[in-house]
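Tertiary structure, described
Chain by chain, the residues run as shown.
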Amino acid sequence: MADDIQELKQSEYPSLACEVKQGDSQDAVNWSAIGAGVAHGCVTSPPYLNNFDYADATRLELYFWGDVTSWSQMCSDVRSDMLTATTQQSSVGAARDARISLQEYGAVGIEIGELADQLQKERGNRARGKEYDRVIPDYFVAIARILGNLANVLTSGAPAVLLVGDSAPYGVYVDTPGLIAKLGMQQGFTIEEDSILRHRGQRWVGNSTRHDVKLAERLVLLRRN
């Protein structure tokens, strides 16, 4: 995608003032081309915590274009560098490190840790439980780091609009938009709006094998202090 946009800029819109950067948004060096305090806004949609494998979703394209030729290559070349949002990406070591890092985020870090504890308990009650408890800490620590990088490049008063849904793995409600907003407050943002755009996950309600928690997709508007 980055290559396509760059090619379009060069061939058809040479006067377009834009910079395309492909890289890990957790790494501050990948934001250096923007500069501190100069960006006027951000619109983004972080990965949802619904155990969706975003790497696997690109498998058809990856095979078709010859970027990968095996499942293991896809995992090593694509999935390994992605933000942890599914149990397929989780690991004991990363989850342990993330739990330690959560201590940096005060009350919201404690809240996230307690959610992980609940999910660990629920996993233990199942013969083949999924490791949601390992995903949660790693996910939110990564989001917090990204928000810190974003805050650094945004000018004072600039908006950051996030579209993201909540989730309820094993019936444990995870207020992903709300927790992201709280992490944003610690990174130099104020919460200006948190509104429901649509309800989702209705097919699971009343299904005893899933959960009966009503979920939604929400718009979170943060404002740089």
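First, a word on scope: everything that follows refers to the structure included in this document. Since we're looking at a predicted model, the values are computed, not measured. Position numbers for residues count from 1 along each chain, tracking the sequence in the order it is written. Local features are withheld for residues below a pLDDT of 70 in this predicted model, meaning they are given only at 70 or higher, and side-chain atom pairs are given and counted only at 80 or more; totals for whole chains, interfaces and linings count all residues. To get the side-chain values, all heavy atoms of the structure are used, and hydrogens and water are removed first.

Before going further, it helps to spend a moment on the overall build of the chain. Counting its secondary structure elements, the chain contains seven helices and four strands. Reading the chain from its N end, one meets helices and strands in the order α-β-α-α-α-α-α-β-α-β-β. For the chain, whose C-alpha radius of gyration is 19 Å, the value lies close to the compact-globule estimate of 17 Å for 225 residues. Taken along the three principal axes of its C-alpha coordinates, the chain extends 60 × 45 × 35 Å. Out of the 225 residues in the chain, the part that is buried amounts to 40%. Long-range contacts, defined here as pairs at least 24 residues apart, represent 73% of the contacts in the chain between residues at least 6 apart. When charges are counted, Lys and Arg contribute as positive and Asp and Glu as negative, whereas His and the chain ends are disregarded. Just so you know, the charge point we use is NZ for Lys, CZ for Arg, CG for Asp and CD for Glu. Distance between charge centroids for the chain: 7 Å, based on 22 positive and 29 negative side chains. Every helix listed is a DSSP run of H or I at least four residues long, and every strand listed is a run of E at least two residues long, numbered separately from the N terminus. Restricting the calculation to C-alpha atoms gives the radius of gyration, and the globule rule supplies 2.2 Å times the number of residues raised to the power 0.38. Buried, partly exposed and exposed residues are distinguished by accessible area as a fraction of the type maximum, computed with a 1.4 Å probe on protein chains only: under 20%, between the cut-offs, and over 50%, respectively. Only heavy atoms matter for contacts: two residues are in contact if any of them lie within 4.5 Å across the pair.

As a further point, take a nonpolar patch on the surface. There is a patch of nonpolar side chains on the surface, built from Leu-8, Tyr-13 and Leu-16 and spanning about 290 Å² of accessible area. With respect to the helices and strands, the residue Leu-16 is situated in the loop between helix H1 (2-11) and strand E1 (42-44). Patch definition: residues above 30% relative accessible area lacking any salt bridge, with like charges linked at up to 9 Å and the nonpolar side chains Val, Leu, Ile, Met, Phe, Trp and Tyr linked at up to 5 Å. Exposure was quantified through the Shrake-Rupley algorithm and a 1.4 Å probe, taking into account, for residues, occlusion by the shown protein chains and nothing else. Basic side-chain nitrogens of Lys or Arg form a salt bridge, by our definition, when they fall within 4 Å of a carboxyl oxygen of Asp or Glu.

Along any regular strand, the residues point their side chains to alternate faces of the sheet. With seven of 10 residues buried, strand E4 (residues 215-224) lies mostly within the body of the structure. For two strands to be treated as a pair, DSSP must find at least two bridges joining them. Alignment of strand E2 (residues 159-165) against E4, held across seven bridges, turns out to be antiparallel. Bridge pairing in E4 links Leu-163 to Leu-219. Inspection of the sheet shows strand E3 (residues 189-200) paired to E4 by 10 bridges, in the antiparallel sense. Bridged to Arg-200 within E4 is Leu-215.

Buried within helix H4 (residues 92-101) are the following residues: Ala-95, Ala-98 and Ser-101. Projected down its long axis, H4 shows its buried positions confined to an angular sector of 120 degrees, all on one face. Along H4, the residues that are exposed and aim more than 90 degrees away from the buried face are Val-92 and Ile-100. Close packing links the buried residues of H4 with helix H6 (132-153). Each direction from the helix axis to a C-beta atom contributes to the arc, which is the arc of those directions.

Right, let's talk about the pattern of salt bridges for a bit. With the rule as written, the count across this model stands at 13 salt bridges. For Arg-59, the salt bridge is made with Asp-56, and the minimal N-O distance between the two is 2.8 Å. Among the residues examined, Arg-59 registers a relative accessible area of 34% and is labelled partly exposed. Of the residues examined, Asp-56 reaches a relative accessible area of 25% and is grouped as partly exposed. Note that Glu-122 is salt-bridged to Arg-126, the shortest N-O span being 2.9 Å. With relative accessibility at 33%, the residue Arg-126 sits in the partly exposed group. Salt bridges here are not isolated pairs; linked through shared partners, they connect Asp-166, Asp-175, Asp-194, Arg-200 and Arg-218.

The subject of this paragraph is the packing of aromatic side chains. Between rings of Phe, Tyr and Trp, where Trp is taken as its six-membered ring, a pair exists when centres lie within 6.5 Å; planes separated by under 30 degrees are stacked, by over 60 edge-to-face, and by other angles tilted. In this structure the tally under the stated criterion is four aromatic pairs. Relative to Trp-65, the ring of Phe-64 lies with its centre 5.2 Å away and its plane at 85 degrees, an arrangement referred to as edge-to-face. When sorted by exposure, Phe-64 lands in the same class as Trp-65, which is exposed. With 5.0 Å between their ring centres and 90 degrees between their planes, Tyr-139 and Phe-140 make a pair best called edge-to-face. By the burial criterion, Tyr-139 is buried, and Phe-140 matches it. Remark: a charge is flagged as sitting over a ring if the NZ atom of Lys or the CZ atom of Arg is within 6 Å of the ring centre and within 35 degrees of the ring normal. Lying across the ring of Tyr-170, Arg-126 places its NZ or CZ 3.8 Å from the centre.

Moving on, we get to the layout of surface pockets. Buriedness of a pocket was judged along seven lines, with at least five required to meet protein on both sides within 12 Å; pockets are open sets of points on a 1 Å grid over the protein atoms alone, cavities are sets where a 1.4 Å probe fits but cannot get out, and lining residues have an atom within 4 Å of a point. Grid points are joined across faces, edges and corners, and a volume is the space filled by probe spheres set on the points. The volume enclosed by the largest pocket comes to roughly 2100 Å³. Lining the largest pocket are 47 residues, and of these Met-1, Lys-21, Gln-22, Gly-23 and Asp-24 lie nearest its centre. Looking at which element gives the most residues to the lining of the largest pocket, the answer is H6, with five residues. Gly counts as polar in this scheme, as do all residues outside two lists: the nonpolar Ala, Val, Leu, Ile, Met, Phe, Trp, Tyr, Cys and Pro, and the charged Asp, Glu, Lys and Arg. Across the lining of the largest pocket, the residue classes break down as 25 nonpolar, 11 polar and 11 charged.

To estimate the expected span of a helix, count its residues, drop one, and scale the result by 1.5 Å. If you check helix H5 (residues 106-124), its first and last C-alpha atoms are 27 Å apart, about what 19 residues at 1.5 Å a residue would give, namely 27 Å. Summarising the contacts, the buried residues of H5 are in contact with H4, H6 and helix H7 (176-186).

None of this, on its own, says anything about what the molecule does.
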